[in-house]
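What follows is the residue order along each chain.
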Amino acid sequence: MPAAPETLKALEEARASAERAFHAYAGASSKAASKQARDLFGRLAAWEMHHFEEIDRASIAQSELGAWVDYVPGDFEKLDPKSSDRKDTWDRSGAQYFNEMEALASAMENERACYSMYLGLAAKAKEARERDYWTAIASEEDLHAKVLREQLDGLKVDGKWTWLEVLAKGAPKASFAATRMAVSLIAPLSTSELQQHKVKT
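Rules behind the numbers
- Residues numbered from 1 in each chain as written.
- Predicted model: local features only at pLDDT ≥ 70, side-chain atom pairs only at ≥ 80, totals over all residues.
- Heavy atoms only, no water.
- Axes fitted to C-alpha atoms, helices over the stretch in contact; angles between N-to-C directions.
- Helix = DSSP H or I, 4+ residues; strand = E, 2+ residues; numbered from the N terminus.
- Left-handed = near helix turned anticlockwise from the far one by under 90°.
- Contact = heavy atoms within 4.5 Å.
- Nonpolar A, V, L, I, M, F, W, Y, C, P; charged D, E, K, R; others polar.
- Buried < 20%, exposed > 50% of the residue type's maximum accessible area, 1.4 Å probe, protein only.
- Arc of directions from axis to C-beta.
- Polar contact = N/O pair within 3.5 Å; in protein donor to acceptor, adjacent residues only side chain to side chain.

## A look at the packing of helix 3 (residues 100–123) against helix 6 (residues 176–186)
One way to put it is that helix 3 packs onto helix 6 with a least axis distance of 9 Å and a crossing angle of 60°. Where helix 3 crosses over helix 6, the two elements pack in a sense that is right-handed. Along its contact with helix 3, which presents Tyr115, Leu119, Ala122 and Ala123, the element helix 6 presents Thr179, Ala182, Val183 and Ile186. Partitioning the contact of helix 3 with helix 6 into residue classes produces seven nonpolar, one polar and no charged.

Written as structure tokens, this is what we have:
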């Protein structure tokens, strides 16, 4: 059974959001002077491209089968910070003004907005698999925002990046459980109720 129009619209908007984020991070990575900034922005660009590809995969499944796929999680350690270099779709000119702290602050605000968007989609989900899908992406956007905040706070305090040190100690992971709890606080139906609703329909 084909997906509902509102489902396809949500996926289309989410895919467009991931694409915009990819270009923003790829551009920041290409312009940053700091090796640490280039690495972090590059990995985030790769992660947003992963979001784009996963959402595209979900869109195809919804269009053809009306079914949700399981989201494949991203991971800072497995992402190639140089993968965005293969995308020749942004201005690499050094003439444009660029400030790493401003880029971090802007990226953090965008990640928080995306987190809220995905949290809302998860809360409105009509079945458990759909809720898990959006919750997984929301948890990763929450992680991105926290990493960006940590780097921004560090730069404000002592002017130093610590990203590569953080990465060397073991890259932070997204917390699906914490995000699921956040969804449950605003969702009209619990996961068990979603399962029962699915069985009835």
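## Re helix 5 (residues 163–170)
Those residues of helix 5 not exposed but buried are Trp163, Val166 and Leu167. In an axial view of helix 5, the angular spread of the buried residues amounts to 100°, which keeps them on one side of the axis. Exposed side chains of helix 5 directed beyond 90 degrees from the buried face belong to Ala168 and Lys169. Among the structural elements, helix 2 (35–65) and helix 4 (128–158) are those in contact with the buried residues of helix 5.

## A word on the side chain of Gln151
Relative to the helices and strands, Gln151 resides in helix 4. Among the polar contacts listed, one links the side chain of Gln151 to the backbone nitrogen of Trp163, at a separation of 3.1 Å. Look past the residues within four positions of Gln151 in its chain and what remains in contact with it is Leu40, Leu104, Trp161, Thr162, Trp163 and Val166.

Without other data, these values stay purely geometric and don't point to any function.
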